[in-house]
Amino acid sequence: MKNIMVTGGAGFIGSNFIRYVFSQKDFKGKIINFDKLTYAGNLENLTDICEKYYDKRYFFIKGDICDRKAVEKTLEKYEIDTIVHFAAESHVDRSILGPEEFIKTNIEGTFILLQSSFNFWKNSKNTRFHHVSTDEVYGSLGPKGYFKETTPYDPRSPYSSSKAASDHLVRAYSHTYGLPVTVSNCSNNYGPYQFPEKLIPLIILNALEGKNLPIYGDGKNVRDWLYVEDHCSAIWTILKKGKLGETYNIGGECEKQNIEIVKKICSLLEEIKPSSKNPFLKSKKYSDLITFVKDRPGHDKRYAIDCSKIKKELGWKQAYDFDKAIRETIKWYISNESWVKSVKDGSYRNWLNKNYSYR
Ligand code: NAD
Ligand code: TYD
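Quick caveat: nothing in here was measured; it's all calculated off a predicted structure.

## Overview of the site of ligand 1
As a structural note, the neighbourhood of ligand 1 is formed by 29 residues, with Ile13, Asp35, Ser90, Tyr159 and Lys163 the closest of them. The contact in question runs from an oxygen atom of ligand 1 to an N or O atom on the backbone of Gly11, over 2.9 Å. One of the backbone N or O atoms of Lys36 is found 3.1 Å from a nitrogen atom in ligand 1. Looking at the shell around ligand 1, the elements that each hand over two or more residues are helix H1 (12–22), strand S5 (128–134), helix H6 (158–177) and strand S7 (188–190). Ranked by residue count, the leading element in the shell around ligand 1 is S5, at 3 residues. Of the residues that constitute the shell around ligand 1, the class distribution is 12 nonpolar, 12 polar and 5 charged.

Laid out in structure tokens, this is it:
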């Protein structure tokens, strides 16, 4: 891996992945972050990386994966040998309100990347297209059972359907054209730099400001939570040791009901930043802010991943324990005030204009 094109590198997991790869002693190559900068793209996630590596080993291209010319130009200019494809519309609630962008970016965009890399790489050796996907493609579980790599697809939201379609296209390019692909399907991530529309950062930031903590339905839906750096290490392991054409499930083996997560965040906040000293709380406790709201339409009940394949075959395992990592995550959102402020007031979207030297 000399020149890695990371699509969606300004998003939550993509930016953590870029930081992770640069921290690996055995990586000496370049990373080209190709990102459209939608509302979810935030270059402030990578300020430290820009300062250290920009124009030497880190490059940024503001581009849309649906723009074939821009994709082709990037592949050629930077002699890309590896693509790690994160770019997507990623939020289920937004996909319910407006599915069109999900179809465009997640399906059409993935197709354009596949076709362009196939044309560019032809039969060259040592190339790889790694597709980052979700466990949501498998549908919803009852109280028992786990998603395995062989579980039939049964997506139920516009988001998961569009990701399922993209997974099928990636495998089709492997089977039909011999494109060197790997696929990973991962459970819910949490950690630093997550856009506060997803459950964990939304609850932390709302609680700190004394706002309601919305819980959909009865709060008993279950997700399997994985710390983002563990997802990054799993992808890195697949890039190094994964077998071409294979799919690997990645999970935290850490199932929690949503209500448990929200109560845990409230109790940790009482320890780290007591409500009695928080002027926004006005003599309330954090847990008093919990509010049950109307359920999400078609809300999947339970996700749980069987990740024994990547553990056994590639020797990966999670390094972070939930209790410790959620505490660190809360502290991160408390201590990174300027990141939170610019996400809230929208000024993160002007990052490139303010930092001309990185354009
Ligand atoms: P995110 O929404 O935080 O970031 C997505 C990034 O993609 C943004 O930087 C955005 O600007 C960029 N992007 C969107 N459309 C684009 C386009 N047309 N062209 C170029 N860039 C575009 O998402 P995330 O949570 O970091 O998720 C990254 C990937 O991981 C997605 O493919 C998602 O399906 C998958 N995934 C996420 C989770 C999770 O818990 N967040 C779990 C499993 C898998
Ligand atoms: P989310 O972070 O949107 O991830 P996903 O839908 O991809 O799993 O939601 C995680 C869970 O939390 C999901 O069951 C929906 C629920 N949820 C709430 O109860 N309230 C909220 O405000 C949000 C954003 C999510």
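There is more to say after this.
## With respect to the site of ligand 2
Every one of the 17 residues lining ligand 2 counts as a neighbour, but Glu136, Leu199, Arg223, Arg296 and His299 are closest to it. In this structure, His91 approaches ligand 2 through a side-chain N or O atom, which is 3.3 Å from an oxygen atom. With respect to ligand 2, the side chain of Arg296 contributes an N or O atom lying 2.6 Å from an oxygen atom. For ligand 2, the protein covers 96% of the area, taking 510 Å² as the surface of the free molecule. Looking at the shell around ligand 2, the elements that each hand over two or more residues are helix H7 (199–208) and strand S8 (213–216). Examining the composition of the shell around ligand 2, we find that 3 residues originate from one element, S8, more than from any other. Across the shell around ligand 2, the residue classes break down as 7 nonpolar, 5 polar and 5 charged.

## Some thoughts on the sheet that holds S7
Strand order in the open sheet formed by 3 strands is S7-S9-S11, with mixed pairing between adjacent strands. Each edge of the open sheet carries a strand with a single partner, namely S7 and strand S11 (255–257). Mean inter-strand twist for the sheet, computed between neighbouring axes without regard to direction, equals 50°. Two elements, S7 and strand S9 (residues 222–227), share 3 bridges in a ladder whose sense is parallel. Paired with Asn188 across the bridge in S9 is Trp225. The strands that helix H9 (residues 258–272) touches are S9 and S11; relative to S11, the one it contacts most, it runs at about 85°.

## Re the pattern of salt bridges
Within the structure shown, the criterion is met by 18 salt bridges. Asp48 serves as the salt-bridge partner of Arg19, at 2.8 Å between the closest nitrogen and oxygen. Placement of the pair is Arg19 in helix H1 and Asp48 in helix H2 (residues 47–53), with a sequence separation of 29 residues. Given a relative accessible area of 36%, Asp48 falls into the partly exposed group. Across the pair Lys309 and Glu246 runs a salt bridge whose closest N-O atoms are separated by 2.6 Å. Of this pair, Lys309 sits in helix H10 (residues 308–314) while Glu246 sits in the loop between helix H8 (228–241) and strand S10 (247–250), and the two are 63 residues apart along the sequence.

## Quick look at the sheet that holds S5
Strand order in the open sheet made by the 7 strands is S3-S2-S1-S4-S5-S6-S10, with parallel pairing throughout. The outermost strands of the open sheet, each flanked by one partner alone, are strand S3 (58–62) and S10. Averaged over all adjacent pairs, the angle separating strand axes in this sheet is 20°, with direction ignored. The sheet strands contacting helix H3 (residues 68–77) are strand S1 (3–7), strand S2 (30–35), S3 and strand S4 (82–85), and the helix crosses S2 at an angle near 175°. Against the sheet, helix H5 (residues 100–121) makes contact with S1, S4 and S5, and its axis sits at roughly 165° relative to S5, the strand it touches most.

Cut-offs applied
Sequence order sets the numbering: in each chain, residues are counted from 1 along the sequence as written. Labels are handed out in written order, letters beginning with A for the chains and numbers beginning with 1 for the ligands. Side-chain atom pairs in this predicted model are given and counted only at pLDDT of 80 or more, local residue features only at pLDDT of at least 70, and totals for whole chains, interfaces and linings cover all residues. For side-chain calculations, the full set of non-hydrogen atoms in the structure is used, while hydrogens and water are omitted. Nearness here has a simple test: a residue counts as near a molecule or strand if at least one of its heavy atoms is within 4 Å of that partner. Within 3.5 Å is the distance limit for a polar contact, defined as a pair of N or O atoms, with the added protein rule that one can donate a hydrogen and the other accept it, and that residues adjacent in sequence qualify only through two side-chain atoms. Numbering of helices and strands runs from the N terminus, with a helix taken as a DSSP run of H or I at least four residues long and a strand as a DSSP run of E at least two residues long. Nonpolar residues are Ala, Val, Leu, Ile, Met, Phe, Trp, Tyr, Cys and Pro. Charged residues are Asp, Glu, Lys and Arg, and all others, Gly as well, are polar. Computed by Shrake-Rupley with a 1.4 Å probe, the accessible areas treat only the displayed protein chains as cover when residues are assessed. Any two strands with at least two DSSP-identified bridges between them are counted as paired. Angles here are taken between N-to-C directions and fall from 0 to 180 degrees, while the axes themselves are lines fitted to C-alpha atoms, restricted in helices to the stretch in contact. We call two residues in contact whenever any of their non-hydrogen atoms come within 4.5 Å of each other. Salt bridge criterion: a side-chain nitrogen from Lys or Arg within 4 Å of a carboxyl oxygen from Asp or Glu. Burial here depends on accessible area, computed with a 1.4 Å probe over protein chains only, as a share of the maximum for the residue type. Under 20% is buried, over 50% is exposed, and the range in between is partly exposed.

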